Protein chains: 2
Amino acid sequence: MWPLSRSLRPKQLLQLNGETTLLQQTVARVCQKIAPSNLIIVTHEGHYFEVKGQLAEQYPEALSGVIAEPFAKNTLPAVVLAVNKIYQKDPNAIIGVFASDHAIKNEKAFLDAWSSAEVAAEKGYLTLLGIKPTEPATGYGYIRPRNNLDLVGAKYPVFEVDAFVEKPDLSTAKSYLTSGYLWNSGMFVFRASVFIEMLERYQPQLAHKMSMINDDNISELYEDLPSISIDYGLAEKADRVAVVPVDMSWSDLGSWESIFQQHQKNNENNIIRGDVVTTDTKNSLLWSETGVLTALGVDNLVVISTPDATLICDRSRAEDVKLIVSQVQDRYPHMAETHLTVQRPWGAYSVLETGENFKIKNIIVKPHQKLSLQLHNHRSEHWVVVSGTATVTNGDKVFKLDINESTYIHAGIKHRLENQEDSNLVIIEVQTGACLDESDIIRFEDIYKRI
Amino acid sequence: MWPLSRSLRPKQLLQLNGETTLLQQTVARVCQKIAPSNLIIVTHEGHYFEVKGQLAEQYPEALSGVIAEPFAKNTLPAVVLAVNKIYQKDPNAIIGVFASDHAIKNEKAFLDAWSSAEVAAEKGYLTLLGIKPTEPATGYGYIRPRNNLDLVGAKYPVFEVDAFVEKPDLSTAKSYLTSGYLWNSGMFVFRASVFIEMLERYQPQLAHKMSMINDDNISELYEDLPSISIDYGLAEKADRVAVVPVDMSWSDLGSWESIFQQHQKNNENNIIRGDVVTTDTKNSLLWSETGVLTALGVDNLVVISTPDATLICDRSRAEDVKLIVSQVQDRYPHMAETHLTVQRPWGAYSVLETGENFKIKNIIVKPHQKLSLQLHNHRSEHWVVVSGTATVTNGDKVFKLDINESTYIHAGIKHRLENQEDSNLVIIEVQTGACLDESDIIRFEDIYKRI
């Protein structure tokens, strides 16, 4: 989803198909069935505060269930982290695992399939949701079901899994369309104790290492864990594995083309987002995050315009955006990684301009948040409050700074920015100095434990 | 040339086909034949200081020859302004009139055609340069020549003009290609006294009104002049009108397609400008003024990306960009008029960010220039020097502000920003207040006479 998503801002955190993010949609969907306080979200620590921020808008009671992984180790260690936590409370708990970056239009079908999978999970099966394919996709793994388990109480039929099948070529994928094969959605339902037994049997080392992890040692122990998926590590090895075939208008939103397919089109069969002006333009996805995007006489294009990068792509090539991203990575490494706007636990900052010996940022501090007590060796900072009231520590002094007031932080001086009010604080920061690197920061105190 | 050119920044002031602007290219071309001190440039007063700034880099001795029109009145009044000035010094002067927004690749042919036109001008002819057509263009007026004047001393043959012909339809334009018709380039050569005689004969009122114009009354008298072209007002009416056919690889750069045609292409037949990354992209003009522009699997596109507007256009529709611009004008009026960067006599400013109750500008003051002594009723300003040294008037105080120093100008306080050094001064200005309109300015003193 580049240039809208970047490696440091993945697609589940974006509003790709509506007014809420994919993460928020997933949470809302899941909480139709379970209590928010039973929700556990596992995320990379780089997204920890933003995940919490998004969740706070929906279900504050779920905030304590957010777990940060210090390293990305594929799906199995992430799932084990959550399952261990649940298992300690209730070994018989029936657990569902859902990716946070999928779109599902038919929520009733999803909920019914989930309930049906729970019936199988009660009987000791590691149960998947299998998507009935709607096209000969070559980008997904497939599941081949065999005999119907004929489970009483399951709304949807549940089948034993005969085999997991690698991503096929196009002609194979076409044959799968009519022979009962299912897309592997990566959604699982199982009993906590069954999962733990399988883990101990098929991944005993991982089970052992992870049983020793607690809040204090996770940073050290996690680094040495293997990167392994729940599919490869457990599902493909276990005996009692089941699948619920379901048609729920599912999409993994894996490309701009899938976004195009999911959205409502206008009369010219275009999808328009942001300030867009078109003439004789059709069948296109035109998405502007900045400025006015204009299109004249074009057809079948994807255009994504962001403050620092624009993508123009024939829709038929949307799957190949990775080719462009890898070139961008070579030539402009930061462009593949971050946006000009960067989320922080206390709010966000946007780089407005970078010049020789200066950088300008717009900094938003959320209510009752504060940045770390810090100093920079090489840069000085001028702060101008343009909205709200800042509580500033500048060397030995602590004082309030109202709208339209400013202060100057000399290089080498300890300082802190805090918002004690109930509304956002917005300041403009002009940094000056020969070295304006984000890494020039020494933190002394931090309420987000970033020291 | 939107979005690169805007109504307040026309294409002659832009670097469209090289390291210099079209104006600078025109000046350099003309000064191969005449002394820079004999050059007169007529421009709208809105571009006066920028024209002078561009000229100062080339021929400082030509600066006194820049004349500002307070209103745009088509070509004839502009030419009369210049001719009157020359006529007072030398009624027999041979004058050439050249548009500043054309590209000419074959300068030798241009100079030879000009010299040949001068031979005809000496004999009392109002003489045009007529471009031998290379395609059936429907966007130009044509000239039909008749008998060769067989002028001695003219390198190129010079013909009497039989008729001026309106813009033709496509089939007519095709027939013109092979029957000796020429494009009317709008370039004229004539003797000052001949021009004045023609003017008095065919436009006596204009001649009379303009003979009374001087530096002091031009603002009043100019407004009532008719808008009239030199073609319609004189050339089409006069008897002794001649034309020099010439093939000089001329282009009026009237559309992005003509820019595409004029430039050197790379191996994929693309023209790339700025930070651009392509994969499987060909026959396209990809121009980025901001951020990274990426294109995947597209063909035959024009893409122009600027900080506040992006154009994507099929090359075959480049002539229709006006359709988009008129839509943009309706929906986002300022986008058709100005850039985020605005030229001023003392330098330039760029709007970096506009938010609720604040606006941030990057202000560049050229060496030894100063802004007016001014005040704003509704906004306060914070200035941070990020390069150079400012001389600041803030109320009663005048002081120096070095790099990394700042000052605060309260609303209602007279202030002035000046650069007394030999290198550029760069400041970041954070404006705060409920009204941040450019029109909130009261000027008390201004070295550029803008009061």
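Quick note: structure is the one above.
Residues numbered from 1 in each chain as written. Chains lettered and ligands numbered in written order. Predicted model: local features only at pLDDT ≥ 70, side-chain atom pairs only at ≥ 80, totals over all residues. Heavy atoms only, no water.

As a further point, take the environment of Gln343 of chain A. Residues and elements named next belong to chain A. Counting through the fold element by element, Gln343 comes out in strand β17 (residues 341-344). Relative accessible area serves as the criterion here: at 32%, Gln343 is assigned to the partly exposed category. Gln343 sits 297 residues away from Gly46 along the chain, and the two C-alpha atoms are 9.4 Å apart. Residue contacts for Gln343: discarding those within four places in its chain leaves Arg9, Glu50 and Ala348. (Helix = DSSP H or I, 4+ residues; strand = E, 2+ residues; numbered from the N terminus. Buried < 20%, exposed > 50% of the residue type's maximum accessible area, 1.4 Å probe, protein only. Contact = heavy atoms within 4.5 Å.)

Taken residue by residue, the interface counts 55 residues in chain A and 55 residues in chain B. Taking both sides of the interface into account, the surface hidden between chain A and chain B amounts to around 4,300 Å²; carbon and sulfur atoms contribute 61%. For the pair chain A and chain B, the number of links is 2 salt bridges. Our enumeration of links across chain A and chain B arrives at 34 residue pairs in polar contact (both at pLDDT 80 or more). For the side of chain A that touches chain B, the per-class residue count stands at 30 nonpolar, 15 polar and 10 charged. Relative to strand β14 (residues 292-296) of chain B, strand β16 (residues 309-314) of chain A runs parallel, the two sharing 5 bridges. The partner of Thr310 of chain A across the bridge, within β14 of chain B, is Leu293 of chain B. (Buried area = accessible area lost by both parts, 1.4 Å probe. Salt bridge = Lys/Arg side-chain N within 4 Å of Asp/Glu carboxyl O. Polar contact = N/O pair within 3.5 Å; in protein donor to acceptor, adjacent residues only side chain to side chain. Nonpolar A, V, L, I, M, F, W, Y, C, P; charged D, E, K, R; others polar. Pairing = 2+ DSSP bridges.)

Residue and element names in this part refer to chain B. Taken in spatial order, the 6 strands line up as β17-β18-β19-β27-β22-β25 in an open sheet, and their pairing is antiparallel. At either margin of the open sheet sits one strand with a lone partner, and together these are β17 (341-344) and β25 (406-409). Each strand axis lies, on average, 20° off the axis of its neighbour in the sheet, ignoring direction. (Axes fitted to C-alpha atoms, helices over the stretch in contact; angles between N-to-C directions.)

We now examine helix α6 (residues 192-202) of chain A. Counted residue by residue, α6 of chain A has 8 buried out of 11 residues, so it is predominantly covered. Taken together, the buried positions of α6 of chain A are Ala192, Ser193, Val194, Phe195, Ile196, Met198, Leu199 and Tyr202 of chain A.

Quick look at the pattern of salt bridges now. Residues and elements named next belong to chain A. All chains considered together, the criterion is met by 42 salt bridges over all chains. Residues Asp308 and Arg6 are paired through a salt bridge, measuring 3.0 Å at the closest nitrogen-oxygen approach. With Asp308 in the loop between β15 (301-305) and β16 and Arg6 in the segment before α1 (22-30), this residue pair connects regions lying 302 residues apart in the sequence. With respect to burial, Asp308 and Arg6 carry one shared label: buried.

Bringing the pairing of strand β5 (residues 126-131) of chain B into the picture now. Residue and element names in this part refer to chain B. Where burial is concerned, most of β5 is hidden: 6 out of the 6 residues are buried. Neither face of β5 is open: one carries Leu126, Leu128 and Gly130, the other Thr127, Leu129 and Ile131, and all of them are buried. Pairing of β5 with strand β9 (residues 241-246), which is carried by 6 bridges, proceeds in the parallel orientation. Residue Leu129 lies in a different strand from β9, and its bridge partner there is Val244. Relative to strand β8 (residues 182-191), β5 runs antiparallel, the two sharing 4 bridges. When the sheet's bridge partners are listed, Leu128 is paired in β8 with Phe188.

Turning our eyes to something else, we now look at the side chain of Gln24 of chain B. Residue and element names in this part refer to chain B. Within the secondary structure, Gln24 sits in helix α1 (residues 22-30). Looking at Gln24, its side chain comes within polar contact range of the main-chain oxygen of Gln54, at 3.0 Å. Every residue in contact with Gln24, bar those within four places of it in the chain, is listed here: Gln54, Glu57 and Gln58.

This part is about the sheet that holds β15 of chain A. Hydrogen bonds between backbone groups are what pair the strands of a sheet, and the pairing can be parallel or antiparallel. Taken in spatial order, the 6 strands make up an open sheet running β11(A)-β13(A)-β15(A)-β16(A)-β14(B)-β12(B), and their pairing is mixed. One side of each edge strand has no neighbouring strand; the edge strands of this open sheet are β11 (271-273) of chain A together with β12 (276-279) of chain B. Averaged over all pairs of adjacent strands, the angle between their axes in this sheet comes to 5°, without regard to strand direction. Judged from the 4 bridges that link them, strand β13 (residues 285-288) of chain A and β15 of chain A form a sheet pairing that is parallel. Bridging from a neighbouring strand, Leu286 of chain A pairs with Val303 of chain A of β15 of chain A. Across the face of the sheet, helix α11 (residues 321-331) of chain A comes into contact with β16 of chain A together with β12 and β14 of chain B while running at roughly 145° to β12 of chain B.

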